[in-house]
Amino acid sequence: MQTNFTAEQLADPDVAESEKILRKCVHCGFCTATCPTYVTLGNELDSPRGRIYLIKDMLENGRPADTEVVTHIDRCLSCLACVTTCPSGVDYMHLVDHARAHIENTYQRPFMDRLTRGILAAVLPYPGRFRLALNLARLGRPLKGLLKGMPALKPFVAMLDLAPRSVPAPSSFSSPGLHPAEGPMHGRVAILTGCAQPVLDPAINAATIRLLTRLGIEVVGPEGEGCCGSLVHHMGRKEQALESARSNVDVWTREIDNGGLDAIIITASGCGTTIKDYGHMLRLDPAYAEKAAKISALAKDVTEYLATLDLPTHLPRGITVAYHSACSMQHGQRITGLPKQLLKAAGFIVRDPAEGHLCCGSAGTYNIMQPEISTELKARKIRNIEATKPDIIATGNIGCITQIATGTDIPILHTVELLDWIYGGELPGKLRGLKIA
């Protein structure tokens, strides 16, 4: 793609990077076939190619974002299926990140949109506030019918739909602390506690810690660790995201200096994609660039790390698992085969649903901010999953678990919960009482 940025514009490192990305696009349109919003809406401007044109025009002309640009960028899930598909290597992820930051800095959203985004940014990254909000959702649920009649309040209706009927009790595994290896120690890792996950499903990190310590791995939950920053990053709140990144880099660097780390284990693939990008996000910060790159190199999805350990192979148990590959796992981190290999080695029969490359519609806060499109994608995903006739659904991201669970009765668990069970752990709570267990 030909570009016409001025030398003055290219002096901005973010613009210079976006210009390089834009020049790689050859307009081939391969991305349209795998883009969930284009497949759903059929609008060229709701495809990666269409959004690239909009971003180029906006940045090249140095103008503020307008309603058209914001509408179509907001509809992007950041699923990154286009990145996997693109034969030219267009780095759409960093391009749309730049566009979102530009929108945040130059566009005045309607009041209710600003209010909703402000609430999400102030609540979701903080477990205590998030837990309180979920408990308050019980009071708001009877008002849902009234709220549905007010278009500006659709995101709040979506929040009530997604909020669980009961909130799990806090887990001791969600608190900072050291979890010693059982028997001879074979490694030492830190685990990302996260923000939404320990509130919605604390069993995931509990299963991870139990499994790793049984395998001889010392696990530390560092003091001071916080949200990875992805939730606000995808809202265009660049500085807030970078502050989260710097804070976590400091925490994990301290652990490296004090006892060493073989890896930083992440059990939410959305967080993993962001943490693996810390090196890029902080590349222009002389105080953090080197440290952030080191942290990104240590970041591992739990399945990546488990694949390096000596795990026994189990005979088939006759339990069929549909594996849903989260977008942040398969497109963001390019981890596709490992989770399925681990499940198969553990004795599960693994099924791949059709259209596995398409997003389930969760995408961070997307199912709140874009509920209509999200609902269509969820229904499509669940149809494909249920067609495999599974006993269980497995995935590696809390957002997908929450989204899919609202549309099917098939139990959906994190991959590591199943592995912990098979390799000597307790039966996951979601499977208790079922014939398959």
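Right above here is the structure, for reference.
Treat the numbers as computed from the prediction; the structure is a model and nothing was measured.

A. Seen up close, the layout of surface pockets. In this model, the second largest pocket occupies a volume close to 520 Å³. In terms of lining, the second largest pocket is formed by 28 residues, of which the most central are Asp14, Asp97, His98, Ala101 and Lys238. For the lining of the second largest pocket, the elements supplying multiple residues, two or more each, are helix H2 (13-24), helix H4 (48-60), helix H7 (92-106), helix H15 (238-259) and helix H17 (278-281). With seven residues, the top contributor of residues to the lining of the second largest pocket is H7. Classifying every residue of the lining of the second largest pocket gives nine nonpolar, nine polar and ten charged.

B. Highlighting the pattern of salt bridges. Considering all chains together, one arrives at 27 salt bridges under this definition. In this structure, the salt-bridge partner of Asp14 is Arg283, at a minimum N-O distance of 3.4 Å. Note that Asp14 is positioned in helix H2 and Arg283 in the loop between H17 and helix H18 (289-298), a separation of 269 residues in sequence. By relative accessible area, Asp14 is classed as buried at 18%. Here Asp46 ties to Arg51 by a salt bridge, and the two come within 3.8 Å at their closest N and O atoms. Comparing Asp46 with Arg51 shows no difference in burial state: the two are buried.

C. Seen up close, the environment of Lys300. Secondary-structure assignment places Lys300 in strand S5 (residues 299-301). In the structure, Lys300 is positioned 31 residues away from Ser269 in sequence and 9.5 Å away in space, judged by C-alpha atoms. Look past the residues within four positions of Lys300 in its chain and what remains in contact with it is Ala263, Ile264, Ile265, Ile266, Lys276 and Tyr305. In this structure the side chain of Lys300 is engaged in a polar contact, spanning 2.9 Å, whose partner is the backbone oxygen of Ala297.

D. Structural detail: the environment of Thr267. You can see Thr267 is positioned in the loop between strand S4 (263-266) and helix H16 (269-275). Each C-alpha atom of the pair Thr267 and Asp301 lies 6.0 Å from the other, and the pair is 34 residues apart in sequence.

E. The arrangement of the sheet that holds strand S3 (residues 217-221) in detail. Read across the open sheet, the five strands follow the order S1-S3-S2-S4-S5; overall the sheet is mixed. Two strands close off the open sheet at either side, each with one partner strand: strand S1 (177-179) and S5. When strand polarity is set aside, the average angle formed by the axes of neighbouring strands in this sheet is 30°. In this sheet, S3 lies alongside strand S2 (residues 187-191) in parallel orientation, the contact comprising four bridges. When the bridges of S3 are listed, Gly187 appears paired with Ile217. The strands touched by helix H13 (residues 203-214) are S1, S2, S3 and S4; relative to S3, the strand with the most contacts, the crossing angle is about 145°. This element, H18, spans S4 and S5 of the sheet and lies at about 25° to S5.

F. Broad picture of the sheet that holds strand S8 (residues 392-395). Spatial ordering of the open sheet is given by S7-S6-S8-S9, a layout of four strands whose pairing is parallel. Because the sheet does not close on itself, it has two edges, and the strands there are strand S7 (349-351) and strand S9 (412-414). Direction aside, the axes of adjacent strands within the sheet are offset by 35° on average. Here S8 pairs with S9 via three bridges, running parallel. For Ala394, the partnering residue across the bridge sits in S9 and is Leu413.

G. Layout of the side chain of Gln197. With respect to the helices and strands, the residue Gln197 is situated in helix H12 (residues 197-200). Non-local contacts of Gln197, meaning those with residues more than four positions away in its chain, are made with Pro202, Ile204, Asn205, Thr267, Ala268 and Ile398.

H. Molecular detail of the pairing of S8. Going residue by residue along S8, you find Ile392 and Ala394 tucked away on one face and Ile393 and Thr395 tucked away on the opposite face as well. As a crossover connection, the stretch from S8 through helix H24 (residues 398-405) into S9 is right-handed.

I. Broad picture of the environment of Met281. On the secondary structure map, Met281 appears in helix H17. When the C-alpha positions of Met281 and Ala292 are compared, they lie 8.5 Å apart, and in sequence the two are eleven residues distant. Dropping the residues within four chain positions of it, Met281 is found in contact with His233, Ala241, Leu242 and Thr274.

J. Quick peek at helix H5 (residues 67-74). Within H5, the full set of buried residues consists of Val69, Val70, His72, Ile73 and Asp74. Tucked into the core, H5 has its buried residues touching H4, H7, helix H8 (111-123) and helix H22 (366-369). The N-capping residue of H5, defined by a side-chain oxygen 3.2 Å from the backbone nitrogen of Glu68, is Asp66.

The rules behind each value
Residues numbered from 1 in each chain as written. Predicted model: local features only at pLDDT ≥ 70, side-chain atom pairs only at ≥ 80, totals over all residues. Heavy atoms only, no water. 1 Å grid on protein atoms, 1.4 Å probe; cavity = no way out; pocket = protein on both sides within 12 Å on 5 of 7 lines; lining within 4 Å. Points joined across faces, edges and corners; volume = space filled by probe spheres on them. Helix = DSSP H or I, 4+ residues; strand = E, 2+ residues; numbered from the N terminus. Nonpolar A, V, L, I, M, F, W, Y, C, P; charged D, E, K, R; others polar. Salt bridge = Lys/Arg side-chain N within 4 Å of Asp/Glu carboxyl O. Buried < 20%, exposed > 50% of the residue type's maximum accessible area, 1.4 Å probe, protein only. Contact = heavy atoms within 4.5 Å. Polar contact = N/O pair within 3.5 Å; in protein donor to acceptor, adjacent residues only side chain to side chain. Pairing = 2+ DSSP bridges. Axes fitted to C-alpha atoms, helices over the stretch in contact; angles between N-to-C directions. Right-handed = clockwise from strand over helix to strand, strands pointing away.

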